[in-house]
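This is what each chain is made of:
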Amino acid sequence: MNRLTREQANALLLEILLSQQVNSNLIRKNVAELSKRVGGLSAKNILRYTDDEFAAIFSEKPAIHRFVNRMSRQTKQLFLLLDEKYHDDARTIWLPAVAASEVIDRLQEFPGIGEHKARVGLFVLTREFGVHVMNDDGDYAVKGCEKLPSRYDGVDTPLLRNR
């Protein structure tokens, strides 16, 4: 099952990048604001700006992120890789259904997304958005992120499917 549109999936990928000690609702709101400012979250819309122009868009009030220069640069790098490797569609990171370790590896290819953010991304994909990811018997518990499991009755593992 994948009920996410391309725009929603691209937004979710950007939310994973921007999640850095910031409330998830604020991140989601800011990603929606960025989408509005650039006309949609696609590589075409993001990459048409120079680095300076894009940093200026990021810094307009309300700022998209408190680390404007670094995150605007990483956002452009994210969309460049998303375009080159995944045809500007974040859904192809997890579709067709792949093993959890593969989703983690693919997410970590993006600048600014390390193992912790990739695990949180896997958790959110499967628990909140119902994306099917195959169980490969790995340990994908979300550690050091107490608020997230509390939204799911204390569950700290992604919802994985048997092969």
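Going by the structure above, here's the rest.
Scanning the chain from N- to C-terminus turns up eight helices and zero strands. Each helix and strand of the chain, ordered N terminal to C terminal, gives the series α-α-α-α-α-α-α-α. Relative to a compact globule of 163 residues, whose C-alpha radius of gyration would be 15 Å, the chain shows 15 Å and is just as compact. In the chain, buried positions account for 49% of the 163 residues. When contacts within the chain are restricted to residue pairs at least 6 apart in sequence, those whose partners lie at least 24 apart make up 65%. Per element, the accessible surface of the chain, about 8,300 Å² overall, is 50% carbon and sulfur. In the chain, the 24 positive side-chain charges and the 22 negative ones have mean positions that sit 4 Å from each other.

This structure, assessed with the given rule, holds three aromatic pairs. Put simply, the rings of Y49, F54 and F58 pair up and form one aromatic cluster. Above the ring of F67, the side-chain terminus of R70 is found at 4.8 Å from the ring centroid.

The subject of this paragraph is helix 7 (residues 115-127). End to end, helix 7 covers 18 Å across 13 residues, agreeing with the expected 18 Å (1.5 Å per residue, within 8%). Counting buried positions along helix 7 gives 10 out of 13 residues, so the element sits mostly inside the fold. Residues of helix 7 that are buried include every one of K117, A118, R119, V120, G121, L122, F123, V124, L125 and T126, and no others.

Quick look at the environment of V31 now. Within the secondary structure layout, V31 lies in helix 2 (residues 24-38). Placed 25 residues apart in sequence, V31 and A56 show a C-alpha to C-alpha distance of 15 Å. The residues touching V31, leaving out its near neighbours within four places in the chain, are A11, L14, E15, L18 and L41.

We now examine the side chain of N10. Among the secondary structure elements, N10 is positioned in helix 1 (residues 6-18). Here the side chain of N10 touches L41 through a polar contact of 3.1 Å, landing on its backbone oxygen. Beyond its immediate sequence surroundings of up to four residues, N10 is in contact with L41, S42, F79, L82, D88, D89 and A90.

Attention shifts here to the packing of helix 1 against helix 2. Two numbers describe how helix 1 lies on helix 2: the axes approach to 10 Å, and their chain directions differ by 125°. Of the possible angle classes, the one that applies to helix 1 and helix 2 is oblique. Helix 1 and helix 2 meet at a crossing whose hand is right-handed. Counting all contacts with helix 1, which are made through E7, A11, L14, E15 and L18, the residues of helix 2 involved are I27, R28, V31, L34 and S35. Within the contact of helix 1 with helix 2, the residues separate by chemical class into six nonpolar, one polar and three charged.

Counting 51 residues, the largest nonpolar core has L13, L18, L34, W94, F110 and I113 as its most contacted members. Those elements giving two or more residues to this core turn out to be helix 1, helix 2, helix 3 (43-47), helix 4 (51-59), helix 5 (68-86), helix 6 (100-108) and helix 7. Per-element accounting of this core gives the leading share, eight residues, to helix 1. In contact with L34, not counting residues within four places along its chain, are L14, L41, F54, I57, F58, I64 and T75.

Criteria and cut-off values
- Each residue is numbered by its place in its chain's sequence as written, counting from 1.
- Residues qualify for local features only when their pLDDT is at least 70, as the model is predicted, and side-chain atom pairs are given and counted only at 80 or more; totals for whole chains, interfaces and linings, by contrast, use all residues.
- Processing note: side-chain calculations cover all non-hydrogen atoms of the structure and skip hydrogens and water entirely.
- Numbering of helices and strands runs from the N terminus, with a helix taken as a DSSP run of H or I at least four residues long and a strand as a DSSP run of E at least two residues long.
- Note on method: radius of gyration uses C-alpha positions; expected globular size equals 2.2 Å times residues raised to 0.38.
- Residue burial is assigned from relative accessible area. The probe radius is 1.4 Å, only protein chains are included, and a residue is buried under 20% of its type maximum, exposed over 50%, and partly exposed in between.
- Residue contacts are defined here by distance: any two heavy atoms, one from each residue, within 4.5 Å place the two residues in contact.
- Computed by Shrake-Rupley with a 1.4 Å probe, the accessible areas treat only the displayed protein chains as cover when residues are assessed.
- Charge assignment: positive for Lys and Arg, negative for Asp and Glu; neither His nor the chain ends contribute.
- Charged groups are reduced to one reference atom each: NZ for lysine, CZ for arginine, CG for aspartic acid, CD for glutamic acid.
- Here a pair means two rings of Phe, Tyr or Trp (six-membered ring of Trp) with centres within 6.5 Å. Their orientation is stacked below 30 degrees between planes, edge-to-face above 60, and tilted elsewhere.
- Cation placement over rings: the criterion is NZ of Lys or CZ of Arg within 6 Å of the ring centroid and within 35° of the ring normal.
- Here a helix's expected span is defined as the number of its residues, less one, multiplied by 1.5 Å.
- Under this definition, polar contacts are N or O atom pairs within 3.5 Å; protein pairs additionally need one hydrogen-donor-capable and one acceptor-capable atom, and for neighbouring residues in sequence, both atoms have to be side-chain atoms.
- Axis definition: a line fit to C-alpha positions, over the contact stretch in the case of helices; interaxial angles, taken between N-to-C directions, run 0 to 180 degrees.
- Put simply, angles under 35 degrees are roughly parallel, angles over 145 are roughly antiparallel, angles from 65 to 115 are roughly perpendicular, and the rest are oblique.
- Handedness of a helix crossing follows the sense of rotation of the near helix relative to the far helix, less than a right angle counterclockwise being left-handed and clockwise being right-handed.
- Under the scheme applied, nonpolar residues are Ala, Val, Leu, Ile, Met, Phe, Trp, Tyr, Cys and Pro; charged residues are Asp, Glu, Lys and Arg; polar residues are all the others, including Gly.
- In these notes, a set of buried Ala, Val, Leu, Ile, Met, Phe, Trp, Tyr and Cys residues joined through side-chain atoms within 4.5 Å is what counts as a nonpolar core.

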